[in-house]
Structures are given as structure tokens and as C-alpha cells.
Amino acid sequence: MTREIYLDNAATTPCDKRVLKAMEPYWSKIYGNPSSFNDAGREARKAVDQSRQKIARLLGAKNQEIIFTSSATEANNLAIFGIIKTIKNKNCKIITTLVEHASVSEPIKKLMEDGLKIHYLSVNKDGLIDLNEFKKALTPETILISIICANNEIGSVQPIKKMAKIIKEFRKSSLGSDEKIPFFHVDAVQAANHLDINVNNLGVDLMTISSHKIYGPKGIASLYVRRGTKIEPLIYGGGQEFNLRSSTEAVPLIVGFAKALEITNNLQQITYNKQERLRTYFVNELKKILPSVKINGPENPQNRIPNIINITIPEIENEQLLLHLDKYGIHASAGSACASYDIEPSHVLTAIGLSKEEARSSIRFSLGKQTSKADLDYVLKILPKMVNKIEGLYPKDLKEHYYGRAD
Ligand code: PLP
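Along each chain, residue indices are assigned from 1 in the same order as the chain's sequence is written. Note on the predicted model: pLDDT of at least 70 is required for a residue's local features to be given, and 80 or more for side-chain atom pairs to be given and counted; whole-chain, interface and lining totals, by contrast, use all residues. Note that water and hydrogens are dropped before the side-chain values are worked out from all heavy atoms of the structure.

Caption draft 1: Looking closely at the sheet that holds strand S7 (residues 206-210). For two strands to count as paired, DSSP must find a minimum of two bridges between them. Note on conventions: DSSP H or I runs of at least 4 residues are helices, E runs of at least 2 residues are strands, and numbering of each starts at the N terminus. Sheet architecture is open: seven strands sit in the order S2-S8-S7-S6-S5-S3-S4, paired in mixed fashion. Looking at strand neighbours, the two that pair on one side only are strand S2 (66-69) and strand S4 (117-121), the edges of this open sheet. Here the strands of the sheet are splayed against their neighbours by 20° on average, with no regard to which way each runs. Across five bridges, the pairing between strand S3 (residues 93-97) and S4 is parallel. In the strand pairing of S4, Ile94 is matched with Ile118. In what follows, a contact means two residues having at least one pair of non-hydrogen atoms within 4.5 Å. Axis definition: a line fit to C-alpha positions, over the contact stretch in the case of helices; interaxial angles, taken between N-to-C directions, run 0 to 180 degrees. Sitting on the sheet, helix H7 (residues 160-173) touches S4, strand S5 (142-148) and strand S6 (183-187), and the angle it makes with S6 is about 170°. In the packing of helix H9 (residues 251-266) onto the sheet, contacts are made with S2, S7 and strand S8 (221-225), and the angle to S7 comes to roughly 100°.

Caption draft 2: Local environment of the sheet that holds strand S12 (residues 362-366). A sheet is described by the order of its strands in space; here three strands give the open sequence S9-S10-S12, paired in antiparallel fashion. Single-partner strands in this sheet number two, and they are strand S9 (294-296) and S12. Between one strand axis and the next, the sheet turns through 30° on average, direction left out of account. With five bridges joining them, strand S10 (residues 308-312) and S12 adopt antiparallel strand pairing. Its bridge partner being in S12, Ile308 is matched across the sheet by Ser366.

Caption draft 3: Up close: the nonpolar core. Only buried Ala, Val, Leu, Ile, Met, Phe, Trp, Tyr and Cys residues count toward a nonpolar core, and they belong to the same one when joined by side-chain atoms within 4.5 Å. The buried label goes to any residue with under 20% of its type's maximum accessible area, the exposed label to any with over 50%, and the partly exposed label to all in between, with areas taken from a 1.4 Å probe on protein chains only. With 67 residues, the main nonpolar core has Phe134, Phe184 and Met207 as its most contacted residues. The contact partners of Phe184, leaving out residues within four places of it in the chain, are Ile145, Ile147, Ile160, Met163, Ala164, Ile167, Arg171, Gly203, Val204, Asp205 and Leu206. Ranked by size, the runner-up nonpolar core spans 29 residues in total, among them Leu278, Val283, Leu383 and Met386.

Caption draft 4: Region of interest: the packing of aromatic side chains. Two rings from Phe, Tyr or Trp (for Trp, the six-membered ring) form a pair when their centres are within 6.5 Å of each other. A pair whose planes differ by under 30 degrees is stacked, one over 60 is edge-to-face, and the rest are tilted. Per the stated rule, a full pass over the model turns up two aromatic pairs. Look at Phe68 and Phe257: their rings are 6.2 Å apart centre to centre, the planes differ by 70°, and that puts the pair in the edge-to-face class. Of this pair, Phe68 sits in strand S2 while Phe257 sits in helix H9, and the two are 189 residues apart along the sequence. The buried category is assigned to Phe68, whose relative accessible area is 4%. Placement of a positive charge over a ring is assigned whenever Lys NZ or Arg CZ falls within 6 Å of the ring centre and within 35 degrees of the normal to the ring plane. The side chain of Arg3 reaches across the aromatic face of Tyr378, ending 5.2 Å from its centre. Above the face of the Tyr215 ring, Lys369 is positioned so that its terminal group lies 4.3 Å from the ring centre.

Caption draft 5: How the structure looks around a negative patch on the surface. There is a patch of like negative charges on the surface, built from Glu315, Glu357, Glu358 and Glu391. Relative to the helices and strands, Glu391 resides in helix H14 (residues 373-393). Each patch is built from salt-bridge-free residues with over 30% relative accessible area, joining like charges within 9 Å and nonpolar side chains (Val, Leu, Ile, Met, Phe, Trp, Tyr) within 5 Å. Computed with a 1.4 Å probe, the accessible areas rest on the Shrake-Rupley method; for each residue, only the protein chains presented here act as cover. Here, a salt bridge means any side-chain nitrogen of Lys or Arg that lies within 4 Å of a carboxyl oxygen of Asp or Glu. Charged-residue counts in this description rest on Lys and Arg as positive and Asp and Glu as negative, His and the chain ends being excluded. For this purpose, a charge sits on NZ of Lys, CZ of Arg, CG of Asp or CD of Glu.

Bear in mind that shape data such as this cannot, by itself, settle questions of function.
Structure follows, in C-alpha cells:
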């Protein structure tokens, strides 16, 4: 019988049983509308308020600064379009990077098409931005900085605290301008399981997190919006979420999200240490078994989260390898889940200097809190076999003929 080994936890995580239990009463027992003036509604309102309070406390925020959305994609869109909507003079600039998730890069691309200036910070081979380039890019026309905290494909962690300090100094030095501008938005979706995401420690104005990446339910996320940040809604209606995101609150999902954040926060150190140990073991063993393998992203643990292992196996097409691994119950991915059906190679891998060919020979294993050493031993046993099999099926000299690609 094949084993099932899920190593795609950066794409999504299984819902924790404690989260399921916490949500349970809110489907058909306590099902009122939090905006209704009746007992059923008041109970539901209490659950939403308590969950918001819990999330706010864990992030170091005030209750009114937590805005629930349906996804991190929506939260990122709200942060970006919501800030830009408040600007009358469109002669402004956004600073971002070349390694953002599509939920940030696509809204920004749209704004660029509409005429906004965008400064794309370059990244080094580890996927990290250069603080001097950032400093120079900050000009009085900068309205927003939107940066991914921990990268979903290679795990690089950007120097968010240092960036926040630079922004603060810049605000002080630009005499006469609004002391709150530019606004600093961080996509902390992949960071939430591993890093300190206290908004005050980080020094951010807006921050996105997503429930289904932290062992909570899908369909719920939040945007932290620091008090005083000028932002307009994208969805209008009954005025829920402090007029920033109308629609009846998804009570069970909100309860589950808060529980998931609480659990991941409590377990953070234990999970971090375990995953760092597993990662080191896996990478060392892999290098012995497949000497041609290249590890993408930072080696230094200070510069990355521990659960993402992105590798290039030269000459092996990732789609082929993933299919073969899948047959053996090993579920990995080619990088960003949203891009899995793209034929274009990963923009993150090409931004750190990989060729298109190398990017197409790269796969991502992302560990979860449930991942064990036995799981990784199984991968170490199967992976070389699959690589040999593909090499046998597609000999190097005939590769171009089979793949029909020459780039
Ligand atoms: N940002 C990052 C860094 C992600 O990894 C993802 C999901 O892959 C998202 C945003 C989008 O999250 P959601 O699925 O909640 O829209």
C-alpha cells in the first residue's frame, strides 16, 4: 500500500482537530447573524468579537485594527487598491519586489497599467532585497511599500524591521509631508507559523495573514490596518468590519481562524526547532544521494523560514517528477500553488538567477507540523528512483525532442 506524504504545506495545511472542534457549534447551533438584534445574533456577535480580540492580542493590535476578509488574496487587494483609492493625485509610486505572491504582484501590475509608478526592488541569489536600494527608492512620491515577509516558494525572510526603521526615518525627514505616508504593507501569510508577527515589533501599517496556511479553515483571512491609515473599502454594503469590508461575518470560520492562530502561536518554537532539524537532515541526505541537486534560497536559518525546501535537479522536468512522486503518494509542488498550471517558469526562481530551464527543473517540498523523519526517509528512498526513471525515459540527447522546448 502506498503511503500518503503531504509536503505541500505552503500551499495549504490540514485543519487542526482542535480548530474543527472550536468551530463545531457555530454551524447549526449558534448560527445567528452577528448584525441581528436578537439573542441568536448576539451570541454570534460575541463569538466574532472574542475571536477578533484573540487575533488582535496575538498580533499586538487593537480590536478595530483587524479586518476579516475571505482570503489573503482579498486582504492583499484591499491593502493595495484600498490605499491607492484614497489618493487624488495619481502621480505616486509603489515600492515592491520581484518575488511577490500573485495576490500582490497582479494588483500592482494593474495599477502600473493604469499609469502608477512602480519600483521593483531586485533580489540577490537568496531572494533578499538590498536595503540601500530600498533607501534610494524611497522618494516623496512613494505612497505604499508592499513586501512579502517570508517567500512562499523559497522561504526567504525580508528584513521587515529594518525596512520599517528606514521608513520611519524617511517620514521624519520629509518635512511638511504627512507623517504616516508612505504606508508599509507586509504579506505575512507564510511567516505566521514561524516568525514574530507582532505588528509593533515589525513596525508595519498593514499586514495580511491567512487561516488555511496555519491549520485553520479555508475562506477566511485578515488584514491588520493600523489606526490612522487612510484606506477605502473595495466591497460596499451593510458596513461590517468597521465599514471596510461589508458582508455577513463568516462566524464559524472566524472562530476557527482565531483558534488556529492561537495554536500556531503556542507551538511556534517547538515547530520551528523540529522543522529546522528535519530540514537539515533532509538536505544533507539529499546531497549525498543526488550530488547534482541544488538548494534554492538562503542557507542561513536567520534569512529563511524552516519549512520550505526548494530544489533544482538539473535536466529533470518538474512536472514529470511531480507526477511520478504523486504516484508514490508524495505530494510536493512546483512552487506557488496558484502558478502550478502555468507553463511559465517561476518568477521567483528566475529573479534569484536561475535559468528558465533550471526553474522548470525545480520542485518545492514544504513541511508541516505533522511531517515526520519517517516521511522524509520515504521521500529520500523514492526520489532518486524517480529521477533515474525519468532519466531513462528521456535520455539527455533526446530531451529537446521529447519536450519540444529549447529555451
Ligand atoms: N500570500 C502568500 C505569500 C501566499 O503564499 C498565498 C497563498 O499561497 C497568498 C498570499 C494567498 O492566500 P489565500 O489563498 O488565502 O488567498
